[in-house]
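# Residue-level structure breakdown
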Amino acid sequence: MALQDSPSSGEEKRAVGSAVYDGTVADAPSSFASWFGGKSVFIGPRIGPVLDNLALDSSSDTENSFAILNKQLAVEDGHAIKYRTCSWQKTAALLFSEYICLAIMSFPWSYSVLGLVPGLILTAVVAAIVLYTSLVLWEFCLRHPEVRDVCDIGQMLFWGKKWAWYATAVMFLLNNTFIQGLHVLVGVKYLETITAGSATNIACRPVVYGIITMLICWVCSLPRTFNMLSKLGTASAFFTFISVLLAAVFAGIQSAPAGYDPRDTYTTASGQTAIGGSPIVTAFPLAGTTFVAGLNAFMNISYTFIGQITLPSFIAEMKDPRDFPKALWACTIAEIIVFSIVGAVVYAYTGNQYMTAPAFGSLQPLYKKVAFSFMIPTLIFLGVLYASVSARFIFFRIFQNSRHKNEHTVVGWATWTGILLVTWILAFIIAEVIPFFSSLLSLMTSLFDSFFGFIFWGVAYFRMRKADGSITVVKQRTLSGYLLGGLNVFLIVAGIFFLTCGTYASVMGIVDEFHAGTVGTVFACSAKGL
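Residues numbered from 1 in each chain as written. Predicted model: local features only at pLDDT ≥ 70, side-chain atom pairs only at ≥ 80, totals over all residues. Heavy atoms only, no water.

### A look at the overall build of the protein
Inclusion rule: Numbering of helices and strands runs from the N terminus; a helix is a DSSP stretch of H or I covering at least four residues, while a strand is a stretch of E covering at least two. Relative accessible area decides the class of each residue, using a 1.4 Å probe on protein chains only: under 20% of the type maximum gives buried, over 50% gives exposed, and in between gives partly exposed. Two residues qualify as a contact provided that any one of their heavy atoms is within 4.5 Å of a heavy atom in the partner residue. Accessibility throughout is a Shrake-Rupley quantity obtained with a 1.4 Å probe, and a residue counts as covered only by protein chains that appear here.
Secondary structure summary: the protein contains 19 helices and four strands in total. Going through the 530 residues of the protein one by one, you find that 55% of them count as buried. For the protein, restricting intrachain contacts to residue pairs at least 6 apart in sequence, the fraction spanning at least 24 positions comes to 83%. Counting only carbon and sulfur atoms, one obtains 69% of the accessible surface of the protein, whose full area is about 21,400 Å².

### Topic: the layout of surface pockets
What counts is decided by this rule: Here a cavity means grid points, on a 1 Å grid over the protein atoms only, where a 1.4 Å probe fits yet cannot get out; a pocket means an open set of points with protein on both sides within 12 Å along at least five of seven lines; lining residues are those with an atom within 4 Å of a point. Grid points are joined across faces, edges and corners, and a volume is the space filled by probe spheres set on the points.
In this model, the second largest pocket occupies a volume close to 460 Å³. What lines the second largest pocket is a set of 26 residues, and nearest its centre among them are Gln-72, Glu-76, Arg-148, Gln-400 and Lys-405. If you list the elements that add at least two residues to the lining of the second largest pocket, you get helix H2 (65-76), helix H14 (376-398) and helix H15 (403-406).

### Description of the state of the cysteines
Heads up, the condition is: When two cysteine sulfur atoms are found within 2.5 Å, that pair is recorded as a disulfide.
Counted by the stated rule, this structure contains zero disulfides. The cysteine Cys-217 is free of any disulfide, with Cys-220 supplying the nearest cysteine sulfur at 6.7 Å. Exposure remark for Cys-217: the relative accessible area of 0% places this residue in the buried category.

### Some points on the side chain of Ser-230
Take Ser-230: it is sitting in helix H9 (residues 226-253). Not counting the four nearest positions on each side in its chain, Ser-230 is found in contact with Lys-90, Ala-93 and Leu-94.

### Let's talk about the environment of Val-345
Of note, Val-345 is situated in helix H12 (residues 324-350). Here the alpha-carbon distance between Val-345 and Ala-248, two residues 97 residues apart in the chain, equals 6.0 Å.

### Examining the environment of Ser-243
Position of Ser-243 among the secondary structure elements: in helix H9. With 141 residues separating them along the chain, Ser-243 and Leu-102 place their C-alpha atoms 9.1 Å apart.

### A word on the packing of helix H5 (residues 116-143) against helix H19 (residues 479-516)
Using the following cut-off: All axes here are fitted lines through C-alpha atoms, helices being fitted over the stretch that makes contact, and every angle between N-to-C directions spans 0 to 180 degrees. Any angle that falls under 35 degrees is termed roughly parallel, while one over 145 is termed roughly antiparallel, one within 65 to 115 roughly perpendicular, and all others oblique. Residue type decides the class: Asp, Glu, Lys and Arg count as charged, Ala, Val, Leu, Ile, Met, Phe, Trp, Tyr, Cys and Pro as nonpolar, and the leftover types, Gly among them, as polar.
Interaxial distance between H5 and H19 falls to 12 Å at its minimum, and their mutual angle equals 105 degrees. As far as their axial angle goes, H19 and H5 are roughly perpendicular. Contacts between H5 and H19 pair Ile-129, Tyr-132 and Thr-133 from the former with Leu-484, Leu-487, Asn-488, Phe-490 and Leu-491 from the latter. Its residues placed into classes, the contact of H5 with H19 shows six nonpolar, two polar and no charged.

### A look at the pattern of salt bridges
Counted only if it meets this: Basic side-chain nitrogens of Lys or Arg form a salt bridge, by our definition, when they fall within 4 Å of a carboxyl oxygen of Asp or Glu.
Overall, the coordinates contain 16 salt bridges when judged by the stated rule. Two residues, Arg-205 and Glu-192, come together in a salt bridge whose shortest N-O distance is 3.8 Å. On the criterion of sequence distance, the pair formed by Arg-205 in helix H8 (residues 205-220) and Glu-192 in helix H7 (residues 162-195) is long-range, its members being 13 residues apart. Classification of Glu-192 as buried rests on a relative accessible area of 4%. Connected through salt bridges with shared partners, the residues Lys-39, Asp-320, Arg-322, Asp-323 and Lys-326 form a single ionic network.

### Notes on a nonpolar patch on the surface
Where we set the bar: Within this analysis, patches are made of residues with over 30% relative accessible area and no salt bridge. Like charges are joined at 9 Å or less; nonpolar side chains (Val, Leu, Ile, Met, Phe, Trp, Tyr) at 5 Å or less.
Residues Phe-238, Phe-239, Leu-366, Val-370 and Phe-374 make up a contiguous nonpolar surface patch of about 450 Å² in total accessible area. Of all the secondary-structure elements, those providing two or more residues to the nonpolar patch are H9 and helix H13 (365-373). Tracing the backbone through its elements, the reader meets Phe-238 in helix H9. For Phe-238, a relative accessible area of 48% translates into the label partly exposed.

### With respect to the environment of Cys-331
Along the chain, the position of Cys-331 falls in helix H12. A relative accessible area of 2% places Cys-331 in the buried class. Separated by 237 residues in the primary sequence, Cys-331 and Leu-94 place their C-alpha atoms 9.6 Å from one another. Excluding residues within four positions of it along the chain, Cys-331 makes contact with Leu-95, Phe-96 and Tyr-99.

### A look at the packing of H9 against H13
Inclusion rule: Handedness of each helix crossing follows the sense of rotation of the near helix against the far helix: counterclockwise by less than a right angle gives left-handed, clockwise gives right-handed.
Here H9 crosses H13 at 165 degrees, and the two axes come no closer than 8 Å. Taken together, the axes of H9 and H13 lie roughly antiparallel to each other. As for how H9 packs across H13, the hand of that crossing is right-handed. Residues Ser-243, Leu-246, Ala-247, Phe-250 and Ile-253 of H9 touch H13, and the partners they reach there are Tyr-367, Val-370, Ala-371 and Phe-372. In the contact of H9 with H13, the residues fall into eight nonpolar, one polar and no charged.

### Side note on the side chain of Arg-148
Along the chain, Arg-148 falls in the loop between H5 and helix H6 (150-157). Arg-148 sits in the buried class, given a relative accessible area of 12%.

### Let's talk about the packing of aromatic side chains
To keep it simple, the criterion reads: Stacked, tilted and edge-to-face are the three classes assigned to paired rings of Phe, Tyr and Trp, where Trp is represented by its six-membered ring and a pair needs centres within 6.5 Å; plane angles under 30 degrees give stacked, over 60 edge-to-face, the rest tilted.
Counted according to the given criterion, the structure contains 31 aromatic pairs. Judged by centre distance (6.1 Å) and plane angle (85 degrees), the rings of Phe-107 and Tyr-111 are edge-to-face. Of the two residues, Phe-107 and Tyr-111 are both situated in helix H4 (residues 107-114); the distance of four residues between them amounts to about one turn of the helix. Among the residues examined, Phe-107 registers a relative accessible area of 0% and is labelled buried. Using a relative accessible area of 0% as the deciding quantity, one classes Tyr-111 as buried. An angle of 90 degrees between the planes, with centres 5.7 Å apart, marks the rings of Phe-452 and Phe-456 as edge-to-face. Here Phe-456 and Phe-452 lie together in helix H17 (residues 437-467), a separation of four residues that amounts to about one turn. The pair formed by Phe-452 and Phe-456 is uniform in burial state, with each residue classed as buried. Members of the aromatic cluster, joined through ring pairs, are Phe-158, Trp-159, Trp-163, Phe-451, Phe-452, Phe-456 and Trp-457.

This is the structure we're talking about:
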């Protein structure tokens, strides 16, 4: 069905790139629809022409967003494989599967470092910031419906420069591949935890478990459309919710946290003095908490929320992208509730001295295995989701305007399968070869999420306001205009903070690992269970 322009935007009577609608200058979006979406949402002018590699035909440059979107739907009509098929409910399932994940179980650790009050406040604040930046991203995608991923956005934001596309593409693929590698390692950690203490003839269990996890994830990555993956995503989010709910319940009913010692202080097997006794819960950070420790705990919360890198790919497969905020609000509200309650409850019953990350390690063995087992779908699916986003990036560029993109052909399926297999093999090798992989992942997220989580969307805001006629802060001189302008300046500054201080904290974490002698070896066979 063709989409019609909304009455609020009027009939477009201008060349693409100017800011006049029916002879008037377009103001910055401020209506209810600009925050919650729907059929009446205002779609402003483009910030630039359609990129050459994204144009469907020679007329694309002079068409408005609805014309381009309708042309995309018409091109797919009648083909066996259609990509713009997701409703907002299916997109919500993808968002839930991305955000309601294992990382929830690291929130108790963050609260133990930051203190419960600052931890809960930061959870709500970071969620609100990510919600806002995601709405800016959505507005950009509405104005430019031809963009397929964050790499196209990166090129458009920086005035169509090809170097911006290549730089964004490198960060995009490295980020996704490292997240795939993380899920290979988490799969290994799960299998090691479940089989701990059991007799086996497997020579090097971590490596073998890594290969098994990689192959399972590769097979699950094969569906070509997000419409199909959304069904798996729904199951993934449901089982994750059950898992973290059980973890919170088990933390409350178990007799004592794992590793509990009734003595106030005691000496460990390695000769170090440790604090025991009843779980210690603090409302604010303990005296002596270092800047690096506090920043790492804060970044742990932030990185769990920052997932905007996948959103352009999700929006690009929606039947009606105007409905995206419905999915976004539903997911954000659920995130704040689940992250805060689970993090606070588990922390309250575990305390500072028995805390592990993820917090499954603070549960007694039976409880740990039961709760962790419900996380299996997410351990697989989240890596699958990022693999699919990466494979799309490559596949769509190989078969742009080709029948192999929209039909069931041997060449198309062989290429799709091959791309996915290569990404998973690379993820497995990276995860097993780099002995300080987890800390290196933190370093990568500091470098990449500073752009994908903050800087890009602050720049996007000002580029769109400029396309609307002028910078909002200067033109409107309203309180909301000044606040939104200041907020987006803050986003850019926050991105620079993550890029600099976040990178510093991550590098120091790697240095501390080497000093502590906890850095492993290549293809290590030592136990990795919780």
